[in-house]
Amino acid sequence: LTASDINKVILVNTSSACTINLPQGSTLEVGDFVRVIDVGNSSTSSGNSEVNPVTISPFTGDKIMGSEQDLQIDANGHSVAIMWCGSTFNWRIVN
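Would you explain the overall build of the protein chain in this entry?
Looking only at helices and strands, one finds one helix and seven strands in the protein chain. Moving toward the C terminus, one meets the helices and strands of the protein chain in the order β-β-β-β-β-β-α-β. Taking 2.2 N^0.38 as the reference for a compact globule, 95 residues should give roughly 12 Å; the C-alpha atoms of the protein chain span a radius of gyration of 13 Å, in line with that estimate. Along the longest, intermediate and shortest principal axes, the C-alpha atoms of the protein chain span 40 × 25 × 20 Å.

Help me understand the sheet that holds strand 7 (residues 91–93) in this model?
Two pairing modes exist for strands in a sheet, parallel and antiparallel, and in both the strands are linked by backbone hydrogen bonds. Ordered in space as 1-3-6-7, the four strands form an open sheet in which the pairing is mixed. Here the strands that pair on one side only, and so sit at the sheet edges, are strand 1 (8–12) and strand 7. When strand polarity is set aside, the average angle formed by the axes of neighbouring strands in this sheet is 25°. Bridging between strand 1 and strand 3 (residues 33–38) involves five bridges; their strand directions are parallel. Bridging from a neighbouring strand, lysine 8 pairs with valine 34 of strand 3.

Rules behind the numbers
- Residues numbered from 1 in each chain as written.
- Predicted model: local features only at pLDDT ≥ 70, side-chain atom pairs only at ≥ 80, totals over all residues.
- Heavy atoms only, no water.
- Helix = DSSP H or I, 4+ residues; strand = E, 2+ residues; numbered from the N terminus.
- Rg over C-alpha atoms; globule rule 2.2 N^0.38 Å.
- Pairing = 2+ DSSP bridges.
- Axes fitted to C-alpha atoms, helices over the stretch in contact; angles between N-to-C directions.

Here's what the structure looks like:
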């Protein structure tokens with residue numbers, strides 16, 4: 001992702017595991033968000049992240065919920081919305 005991809009919904013319909021790399025927080029405004037939804041693929045409409053996880057990776061030095069570890073969607077049909085809350089709080093899950 002780049003800063004221009006922010007404030008959008010990302011529908012994931014991949015038949016293999018994938019990683020979404022978040023942009024550097026210092027390029028964002030407080031309130032910028034990303035929502036990622038596992039919608040499945042042509043074989044399944046109920047999602048497929050149980051078999052093919054979706055990894056959301058913060059930019060080096062940024063954190064999601066206080067952790068520099070990746071966030072993972074690994075249950076079919078699940079979604080997550082995260083919002084940039086500034087340099088003190090970084091990315092926060094909002095759903």
